[in-house]
Amino acid sequence: MTVTSTEKLFVKGNEAVAMAAIEAGCRCYFGYPITPQSDIPEYLSRELPKSGGEFLQAESEIGAINMLLGASATGVRAMTSSSGPGISLKQEGISYMAGSELPGVIIDIMRSGPGLGGIDASQADYWQATRGGGHGGYRIIVLAPASVQEMYDLTMLAFDLSDIYRMPAMVLSDSVVGQMKESIVANPRAKLALPEKNWVVRGRAEGEEQKIVKSLHLGDGEMEAFHWQMDARYHELADKECRWEEVETADAELIVTAFGSTSRIAKTAIVMAREAGMKVGLIRPISLFPFPKKAYAQLSERCKLFLDIELSTGQMIDDVRLSVARDAEVAFYGRPPGAGSLPTPEELFEQIRKNYRATA
Amino acid sequence: MRYDVFIAGYGGQGVLLAGNLLSYAAIHEGKNVSFFPAYGVEKRGGAAMCTVVFADGETGSPVVGNPSVSVLLNQLSFDKYASKVKRGGVCIVNSTLIDIGGLTIPEVEIVQVPMNQIALDMGDVRMVNMVACGAYIEKTGAMQLSSLEAALKKALPERNHKLIPANVNAMNAGAKAAKG
Amino acid sequence: MKQVFSRPESLKDVSTHFCPGCNHGSVHRLVAEALDEFGIRSRTIGVASVGCSVFLYGYFDIDVIESPHGRAPAVATGAKRARPDRIVFTYQGDGDLAAIGTSEIIHAANRGENITVIFVNNTTYGMTGGQMAPTTLPGQKTSTSPYGRDTNKDGAPFKMAELLSNLDGVAFSARVALNNPKNVLNAKKLIKTAFRYQVENRGFSFIEALSSCPTNWGMQSLEANQRVTDEMIPYFPLGIYKNTADL
């Protein structure tokens, strides 16, 4: 189903991802069933062929990511999706895609771990996502939606950024945002200017140069040069593509920071705090890589107290601490993932109250 | 204005459909809506619950610790969740299946509606969720009954649209019973 | 003077890194001749694997995707599904295809992906230095089977051409060798058949090519060639194991 009206739809987060993929011109989807993201392959198995696309249930997560590699190498937009255990298996392919400078979209609907863990919402794969995840020292673009609307919008953006920067892009969400239904407007946003894919492997026609998609670099200095080239691209991303949201930070004495599902819970806690007379704001990173460091640095020039909230024992807090001014304090409240561990707004309000102190 | 409602029962009582209906009705009235489902690992007969938040502006947290309104359809969910209702809130219970055992919650209005009985009297016990929706609207005034009727058209597959009049009757009966 | 022998257009004018006596060069040439003779070079995508075969793009004058170890059939699946009008083939060794990549090869074959797989079986991991492969013969000494392959412990060698022939999705499966002119000519005929089947959209086509590896076998080229005749062919009989159409 391609939706271009301004009509309000009522859909699941996972379905919004699938709808956005089709809208973004995704031609191939490869995946393997795993809870809590199976709505994505289910939707696409039904809808993608209708728009001439190719849906294939792979034999394994490894099969799926390598099919993505192959399809992407021929220049089409392609996607895969999974959760914790499956994303671990895909890391080999993601590393090869990064090394081969291939675009491609990977949806990660986080569940708890390690190991089989559980199917409850988790944010404990922040490190895995933002530090590259596989071998070799690379990064991928990571976007973190906090609403069903953003599941739609950021999936579309992931395709564009992935093409522009020639690297895999991940939409990092969890089973709260994936499973909840919200009213959304499926309006295609203005298309970004995309570079021509002059590197595509599609058969060397007469007069054309041979095209090779590869990650092997054996020549003297070749690999080193490639690393610096990747590094330059990450700096460019940091300069141009940081995205974040701020709520009531202007006069805040305490700034809560959280991404994805927890930021939603925090928003209501902040409303409660304001009603109770506390000057509390929120900063929510939307791009986790690149991490909006400058936004944190600027806020911390005035506000010296941050409260980082995560569904883990603390991962994003590393980036927050690296971003804020040296004299800013970063407090932490975490609920490691698992059944019954989703915090309530009331609980987060209590944490705000505990940490809050007004400057005279 | 921001409204939140928590609905719980066992699988088969139409808890998720009730949540969906209230969501569609709120969208019909131009609200932003967040519907958050949760259910047990059992495919049939396990616990089922959902939270619906709707607002003119942002819906904020899809998770609510102390709901302003809870609609509880069986004893188990009453025992577990009745005490969580926010002060000043409303707890609507299915008195056919729930014995409140004289429980009172400070500053919470407990509204007893014999939902199963009403649904049975209307001809089908499966309409218990419609009775619950009617009772919810009557007690909260959060939306119009006509919006719920419009929502039925969206939420039910075309082949079941012939059942809409009966469902609307069940909602009206639920509303009437909640009025007391 | 009439020219009677020349380099196929699908091969570059470079010398390879392959060891003297290795059959990779011959297999490369036969594949290139097939691409030339069908006139499909300009719409062919090669998928390189990991091992001695990784430099495919250095020798073939065609577009190439390099894949992770064992994953070439999945990469080829993605490429073919995205561009069904292209000719897609993988070129894989025995460690790659029959050990780390068993899942990918079996499922691509079972789906009947309309691709061609060239499988070079030399009973050892060549590039990493002659370790035991899934096709190492019983009793064969390698750098990780110094006492000889013990089938009680390591299992018996995989017979991939036979194994894949049991799958419905496979249109063509054959084993060839390059140890004498007659076998080379037959190999050429069957490699061409495998590509023809893809051109005709018949489904998955598979060629297992028995190859020598003198360096890792610790043999002279001629000795190694003789081993193909004396030891490999008796264990891995040549022939067509599955054929869904006339040759």
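This write-up is about the structure you can find in this document. (Residues numbered from 1 in each chain as written. Chains lettered and ligands numbered in written order. Predicted model: local features only at pLDDT ≥ 70, side-chain atom pairs only at ≥ 80, totals over all residues.)

For chain B, the count of helices and strands is six helices and six strands. Moving toward the C terminus, one meets the helices and strands of chain B in the order β-α-β-β-β-α-β-β-α-α-α-α. Principal-axis analysis of the C-alpha atoms gives chain B an extent of 40 × 40 × 35 Å. For chain B, the residues scored as buried account for 52% of the 180 residues in total. Summarising the internal contacts of chain B: among those between residues at least 6 apart in sequence, 57% fall at separations of at least 24. (Helix = DSSP H or I, 4+ residues; strand = E, 2+ residues; numbered from the N terminus. Buried ≥ 20, exposed ≤ 12 C-beta atoms within 10 Å, placed from the backbone. Contact = placed C-beta atoms within 7 Å.)

What follows covers the arrangement of the chains. When the two pairs of chains in contact are ranked by number of contacts, first place goes to chains A and C. The two partners chain B and chain C share no contact, and the minimum distance between any of their C-alpha atoms is 31 Å.

With that settled, the discussion passes to the nonpolar core. If you look at the biggest cluster of nonpolar residues, it comprises 242 residues, and the most contacted ones within it are Ile141, Leu143 and Val256 of chain A together with Val131 and Ala132 of chain B. Among the elements that take part in this core, helix α6 (residues 148–165) of chain A stands out by supplying 10 residues, more than any other. Shared between two domains, this core holds at least three residues of each, these being domain 1 (8–193 + 232–236) and domain 2 (245–355) of chain A. With sequence-adjacent residues up to four places away left out, Ile141 of chain A is seen in contact with Ala158, Leu161, Ser162, Tyr165, Met167, Ala169, Met170, Leu237 and Phe289 of chain A. (Core = buried A, V, L, I, M, F, W, Y, C linked by C-beta atoms within 7 Å. Domains from an automatic or database assignment.)

Residue and element names in this part refer to chain A. Spatially, the seven strands line up as an open sheet ordered β3-β2-β4-β5-β7-β6-β13, and their pairing is mixed. The sheet is open, and its two edges are formed by β3 (54–57) and β13 (287–289), each paired on a single side. Taken over all neighbouring pairs, the strand axes of this sheet differ in orientation by 20° on average, direction set aside. Bridging between strand β6 (residues 141–143) and β13 involves two bridges; their strand directions are antiparallel. Each residue of the ladder has a partner; that of Val142, found in β13, is Phe289. Set on the sheet, helix α4 (residues 84–99) makes contact with β4 (78–82), β5 (104–110) and β7 (168–174); between it and β5 the angle comes to about 160°. (Pairing = 2+ DSSP bridges. Axes fitted to C-alpha atoms, helices over the stretch in contact; angles between N-to-C directions.)

What follows deals with the packing of helix α1 (residues 15–28) of chain B against helix α5 (residues 145–155) of chain B. Residue and element names in this part refer to chain B. The contact between α1 and α5 brings their axes to 8 Å, and the two run at 115°. Judged by the sense of rotation from one axis to the other, the crossing of α1 with α5 is right-handed. For the pair α1 and α5, contact is made by Leu17, Asn20, Leu21, Tyr24, Ala25 and His28 and by Ser147, Leu148, Ala150, Ala151, Leu152, Lys154 and Ala155, respectively. Of the residues in the contact of α1 with α5, the class split is nine nonpolar, three polar and one charged. (Left-handed = near helix turned anticlockwise from the far one by under 90°. Nonpolar A, V, L, I, M, F, W, Y, C, P; charged D, E, K, R; others polar.)

Residue-level contacts link 17 residues of chain B with 18 residues of chain A. Mapped by element, the contributors of at least two residues to the side of chain B that touches chain A are α1 and β2 (32–39) of chain B. Looking at the side of chain B that touches chain A element by element, the count peaks at six residues for β2 of chain B.

It is worth spelling out the pairing of strand β15 (residues 329–334) of chain A at this point. Regular strands place their side chains on alternate faces of the sheet. All names here are of chain A. Here six bridges tie strand β14 (residues 305–310) to β15, and the two strands are oriented parallel to one another. Along β15, the bridge assignment pairs Glu310 with Gly334. What joins β14 to β15 is helix α11 (residues 316–323), and the crossover it makes is right-handed. (Right-handed = clockwise from strand over helix to strand, strands pointing away.)

Mapping Ser51 of chain A onto the fold places it in the loop between α2 (39–47) and β3. As for Ser51 of chain A and Ile22 of chain A, which are separated by 29 residues in sequence, their C-alpha atoms are 7.9 Å apart.

Moving on, we come to the interface of chain C and chain A. Residue-level contacts link 28 residues of chain C with 35 residues of chain A. For strand β9 (residues 212–213) of chain A and strand β2 (residues 63–66) of chain C, the ladder comprises two bridges, and the chain directions are parallel. Looking at β2 of chain C, one finds that Ile212 of chain A is bridged to Val64 of chain C.

This paragraph deals with the sheet that holds strand β3 (residues 87–93) of chain C. Pairing is mixed in the open sheet, where eight strands are placed in the order β9(A)-β2(C)-β1(C)-β3(C)-β4(C)-β8(C)-β7(C)-β9(C). Two strands close off the open sheet at either side, each with one partner strand: β9 of chain A together with β9 (239–243) of chain C.

Residue and element names in this part refer to chain A. Where burial is concerned, most of strand β8 (residues 181–185) is hidden: four out of the five residues are buried. Bridge count for strand β1 (residues 8–12) against β8 is five bridges, and the pairing is antiparallel. Following the sheet pairing, Val11 is matched in β8 by Glu182.

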